[in-house]
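Given next are the chains, with one letter for each unit.
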Amino acid sequence: MAQARDQWGSRLGFVLAASGSAVGLGNLWKFPYIAWDNHGGAFVLVYLACIMVVGMPVMMSEIIIGRRAQTSPVPAFGELGHPRWAFVGWLGVASGIMILSFYCVIAGWSISSFVQCIKWSVSGYDAPANDAFGIFLAKGPLQLFLTATFMAITAWIVSRGISGGIEKATKILMPVLLGIMILLVLNSVSLSGFGEALRFLFNPDFSEFERHGVLEALGHAFFTLSLGMGAMITYGSYMKKSESITKASAAIVALDTVIALAACVIMYTVIFSFPEMKSQIGRSSVGMLFVTLPQMFYTKMGLGVLLGPVFYILVAFAALSSTISLLEVVVALLVDKLNWTRVKSTAVASGFIFFFSIFCALSLGASSWASTFEFFGTSDTGLGAALNNRFFADKQGFLALFDHFSANWMLPVGGLFITLFAGWVLSRKTSAEELDMVGPDGSTHWIFRTWLFFVRFVAPLGIGWIIVRVIMGEDFS
Ligand code: PFF
């Protein structure tokens, strides 16, 4: 039995919290580096198509399901459909656990970047050695400490409930984040690499596009919008009936996309303006947000001394509003299903997830076993090697494996079932009512009919087609 629901306090509460969930490390850290690894243009175009064709309709579907059911995903599917659909909710919980366990590790880096910036601002900038970031990653105890700190802050906020601090915090933080991003983009315009950065981002060259790119673009569309695992179902369950799901979804999707592209413009401009940056990024582009950007603050921007520390606080907050939503999915389940108190649920869930974080935190060089771990064994030949290639794109180490598998497989598969549920199990009447798109005579709005066509046919066929082709080993280039 669902208990009395907490609700977002203000009219904007849902949009702010849901954008807070969507805008995070996915936009600032992950998108710039995967778009870089996938050679820009063509990947960006495929990604934008995924956002429009799949992201927006699934976003609306999740919110409809949550607000209608007024409960967390596992019971929601049962209540609106049939208990056998509860597995979609469970899949989401598993994705949430997997994502949060590595997300906290990366979020922890923002704390150390902040501290580093403060040091530089106070006692002057001294350029880090080329391998400084790698050395930092391999410091096991430090990684564990940063991860634990981030997890503890997340748990503390989640334990305090929905309408408390987070809503107020996002109200201030989101505009400030946007303001700083605009400042950084304006600064980029004055640098020599700006034009090349735009060309890299927006000039598609499909000859460089690789098979995994299309799944990665789809997976990232889910990841960046917090879709496919029930986060938006959970947040939607706290949403007031008077708010428009369509408008809220459009606002979240637009904001998320603009911030991701702006992050790329800022970082690529630095890379193209200063050739030595390219060698810094070197083998791994993972550290872009934490390696490329600080250098720009302190060497190329007058106001960098001030903006540097502020920027990393914002990165930390952007990450925090996302980790909160990840943990909330698991906590809401324990509260709704087992009737545990919020505090107990939060303590148990965060402790359990931190256990997996330990493996991720040590997989960046601290433990060679954890850093080279491959799910199907480390042999270069045979079935194991083939499966490692197909499902994990040959990635190694817990953090990279969790990241790749959750975003590229679990979220799209979860999203596939969510669209099928919204399109075929939920009645037309229910979804049209939630979207507030039925006229007095029972006729529906064209936006509703378009949405229904997308969730019934376009999105499931698109997701299914990509998944099947990647499993079959097709090359998309
Ligand atoms: N959307 C977040 C980001 O882009 O950083 C990550 C995320 C948060 C994924 C919440 C899934 C989720 F449920």
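Above this text you will find the structure in question.
Residues numbered from 1 in each chain as written. Predicted model: local features only at pLDDT ≥ 70, side-chain atom pairs only at ≥ 80, totals over all residues. Heavy atoms only, no water.

### Digging into the layout of surface pockets
Of the pockets and cavities examined, the second largest pocket occupies roughly 590 Å³. As for the second largest pocket, its lining consists of 23 residues, and the residues nearest its centre are Ser112, Gln116, Trp120, Ala132 and Phe136. A per-element tally of the lining of the second largest pocket places helix α5 (residues 86-123) first, with 8 residues. A per-class count over the lining of the second largest pocket returns 14 nonpolar, 6 polar and 3 charged. (1 Å grid on protein atoms, 1.4 Å probe; cavity = no way out; pocket = protein on both sides within 12 Å on 5 of 7 lines; lining within 4 Å. Points joined across faces, edges and corners; volume = space filled by probe spheres on them. Helix = DSSP H or I, 4+ residues; strand = E, 2+ residues; numbered from the N terminus. Nonpolar A, V, L, I, M, F, W, Y, C, P; charged D, E, K, R; others polar.)

### Concerning unusual backbone geometry
Residues other than glycine seldom take positive phi values, yet Asn339 does so here, at roughly 60°. Positionally, Asn339 belongs in the loop between α15 (304-338) and α16 (342-361). Look at Asp394: it is not a glycine, yet its phi comes out positive at around 65°. In this fold, Asp394 is placed in the loop between α18 (382-392) and α19 (398-425).

### Some words on the nonpolar core
General note: in soluble globular proteins, nonpolar side chains tend to be found buried as a group. Within the largest apolar cluster, 164 residues are counted, with the highest numbers of intra-cluster contacts made by Phe14, Tyr268 and Phe311. Sort the elements by how many residues they give to this core and α15 lands first, with 19 residues. (Core = buried A, V, L, I, M, F, W, Y, C linked by side-chain atoms within 4.5 Å. Buried < 20%, exposed > 50% of the residue type's maximum accessible area, 1.4 Å probe, protein only.)

### Topic: the site of the ligand
By nearness alone, 15 residues border the ligand, and Ala22, Gly26, Tyr103, Phe223 and Ser226 come closest of all. The separation between an oxygen atom of the ligand and a polar side-chain atom of Asn27 is 3.5 Å. In this structure, Thr224 approaches the ligand through a main-chain N or O atom, which is 3.1 Å from a nitrogen atom. Summarising the interface, the protein chains cover 100% of the accessible area of the ligand, which totals 330 Å² for the free molecule. In this structure, the ligand is accommodated by the largest cavity. Those elements that place two or more of their residues in the shell around the ligand are α1 (13-22), α2 (25-37), α10 (211-224) and α15. (Near = heavy atom within 4 Å. Polar contact = N/O pair within 3.5 Å; in protein donor to acceptor, adjacent residues only side chain to side chain. Areas by Shrake-Rupley, 256 points an atom, 1.4 Å probe, with all protein chains shown as cover. Sits in = over half its atoms within 2 Å of the grid points.)

### Concerning the packing of aromatic side chains
All told, the structure shown has 44 aromatic pairs when counted by the stated rule. Ring centres 5.0 Å apart and planes at 80° place the aromatic pair Phe87 and Phe417 in the edge-to-face group. Taken together, the positions of Phe87 in helix α5 and Phe417 in helix α19 put the pair 330 residues apart, joining distant regions of the chain. Here the aromatic residues Phe352, Phe355, Phe356, Phe359, Trp369, Phe373, Phe398 and Phe402 are joined through ring pairs into a cluster of three or more. (Phe/Tyr/Trp six-rings, centres within 6.5 Å; stacked < 30°, edge-to-face > 60°.)

### Some remarks on the environment of Ala231
Positionally, Ala231 belongs in helix α11 (residues 231-236). In this structure the C-alpha to C-alpha distance between Ala231 and Ser325, which are 94 residues apart in sequence, comes to 6.3 Å. Setting aside chain neighbours within four positions, we find Ala231 in contact with Glu62, Ser226 and Val329. (Contact = heavy atoms within 4.5 Å.)

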